[in-house]
Amino acid sequence: MPHQAIHWIFSYIWLRFVVENNTKTLLEAANTSLMANYRQPQMVMVSGRGSWLKNSEGTSYLDFSGGIAVLSLGHAHPKLARAIADQAATLIHTSNLFYTDKAVRLAAELCKRSGFSKVYFTNSGAESNEALIKIARKHAYLKGDKSRTQIIATHQGFHGRTMGAVSVTGQPKYHEGFGPMLPDVVFVPYNDIESMRAAVDERTAGVLLEPVQAEGGIINGNPEYFKAVRELTQTKGALLLLDEVQTGIGRTGTFLAKEWLGIMPDACALAKGIGGGFPLGAMLVTEALANSLPTGSHGSTYGGNPLACAAGLAVLQTMDEENILHNVNTQSEKLRAGLQAILNDNIQAAGVAACTELRGTGLLLGLKVNPELDPMSAIAACREEGLLLSTAGGDVLRFSPPLTVQSFEVDLAIDKLRKALPRTAKKPAST
Ligand SMILES: *Cc1c(COP(=O)(O)O)cnc(C)c1O
């Protein structure tokens, strides 16, 4: 019936008009109202499911950025969504004036799985690292060792953006214009035990390390190095502090990376994967530090609120029920093999090999881009193919998909990457 056909055509045109106008309005609002500290592409995400993200135009993307290694259960996992909705309708917040059932249960679960004795909850990775710095100094102070204030961290390390966390971040670009930094911070090269031996002394409160330098470019920690640092800090009376914000909660194939490093640190920082996307972080400490943040010495209004902790509990429970650690290891092997094949095939872009090195562990893998090429152009080409990635260390393509990623999605990602990589452009001449 021609009349009906005309109706459908007009409906379609109207719908396109609304959709496009909606996106245009949102992008205009983004450009006028949001600060320019990030670098988003000109699109607006509106929904997600599993490993997929959808924008306001209805285009779907395979999300291997994983919310920057946050999505333990993928987007919109029904169990996580239900736990958050139920808790929101029951009790969102009390402040830490009171215990809540969810915080108490999550703390007990974390202790059980990690071997640590006590938990302090935060809302982010930076805050968890702030807590590490503060407890290291307070611990020494309470023992009467008041000159033990130094924190040793590593070049290329990353611990967050608050003043304390950024002060122990070993990348000058994050310090620029924000000085002066926190005093008594020393940086040494990563995975280099001799430099560490030379740095640790009777003034060292704590040594802060990432099991894998993630933001620094996906550099794996060497277990022998970590064992040696563990021994050294023990001998010198300093604490060993692990930043497991990115590596923790199954990301590198074990619940915490300290398991494959083969060490027990004095304390560790968590965030990212622990809430599956809901803002939540934690500091875990051993029995020796159980009383090193005495009543009133540190705190947070939101930290460990029941809504966040309900999300954390749902993440841990679902990881068990769906055997997600097993999936991490299976998909890691598959993704690694696919990336290795891309390296072996020596895919060319602008007349040079597009990628030069495969790095990382578990579902935290990196492909180093040829220094002659512009990594952001590779990210853009992947996006055109429908694959979302982030960079690490400026020149590494980071693969940190949801821990629930499926086999066919890994295949698809490799396919898309193969199509996109040849379109990587040369670096602009000036940089
Ligand atoms: C992301 C990250 C942080 C900072 O976490 P925020 O939640 O952004 O504050 C700290 N340390 C490591 C290792 C990280 O990957």
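Look above for the structure.
In this report, we go over the structure that sits alongside the text. (Residues numbered from 1 in each chain as written. Predicted model: local features only at pLDDT ≥ 70, side-chain atom pairs only at ≥ 80, totals over all residues. Heavy atoms only, no water.)

**A word on a nonpolar patch on the surface**
Now for step 1: Taken together, the side chains of Ile-9, Tyr-12 and Ile-13 define a hydrophobic patch exposed on the protein surface, amounting to about 340 Å² of accessible area.
Now for step 2: On the secondary structure map, Ile-9 appears in helix H1 (residues 2-33).
Now for step 3: What makes Ile-9 exposed here is its relative accessible area of 51%. (Patch = residues over 30% accessible without salt bridge, like charges linked within 9 Å, V, L, I, M, F, W, Y side chains within 5 Å. Areas by Shrake-Rupley, 256 points an atom, 1.4 Å probe, with all protein chains shown as cover. Salt bridge = Lys/Arg side-chain N within 4 Å of Asp/Glu carboxyl O. Helix = DSSP H or I, 4+ residues; strand = E, 2+ residues; numbered from the N terminus. Buried < 20%, exposed > 50% of the residue type's maximum accessible area, 1.4 Å probe, protein only.)

**A few points about the pattern of salt bridges**
Now for step 1: All told, the structure shown has 21 salt bridges when counted by the stated rule.
Now for step 2: Close ionic contact of Arg-398 with Glu-215 constitutes a salt bridge, the shortest N to O distance being 2.8 Å. Placement of the pair is Arg-398 in strand S19 (residues 396-399) and Glu-215 in the loop between strand S8 (212-213) and strand S9 (219-220), with a sequence separation of 183 residues. Glu-215 matches Arg-398 in its accessibility class, with the two residues each being buried.
Now for step 3: Its salt-bridge partner being Glu-224, residue Lys-227 comes within 3.6 Å of it at the nearest N-O pair. Residue Lys-227 and its partner Glu-224 are located together in helix H8 (residues 223-236), separated by three residues, close to a single helical turn.
Now for step 4: Owing to a relative accessible area of 36%, Lys-227 belongs among the partly exposed residues under this scheme.
Now for step 5: What emerges from the salt-bridge pattern is a single network uniting Glu-109, Lys-112, Arg-113 and Asp-320.

**Focus on the packing of aromatic side chains**
Now for step 1: Applying the stated criterion to the full structure yields four aromatic pairs.
Now for step 2: Between Tyr-190 and Tyr-225, the aromatic rings sit 6.2 Å apart at their centres with planes inclined by 65 degrees, giving edge-to-face as the arrangement. Taken as a pair, Tyr-190 in the loop between strand S6 (185-188) and helix H7 (193-199) and Tyr-225 in helix H8 lie far apart in primary sequence, 35 residues in all. Considered together, Tyr-190 and Tyr-225 belong to a single accessibility category, that of buried residues.
Now for step 3: Both rings, one in Tyr-190 and one in Phe-226, keep their centres 6.3 Å apart while their planes meet at 80 degrees; by these two values the pair is edge-to-face. Here Tyr-190, found in the loop between S6 and H7, pairs with Phe-226, found in helix H8; they are 36 residues apart in sequence, far enough to count as distant.
Now for step 4: Judged by its relative accessible area of 12%, Tyr-190 is buried.
Now for step 5: Phe-226 gets classed as buried once you look at its relative accessible area, which sits at 0%.
Now for step 6: A connected cluster of aromatic rings, assembled from ring pairs, spans Tyr-190, Tyr-225 and Phe-226. (Phe/Tyr/Trp six-rings, centres within 6.5 Å; stacked < 30°, edge-to-face > 60°.)

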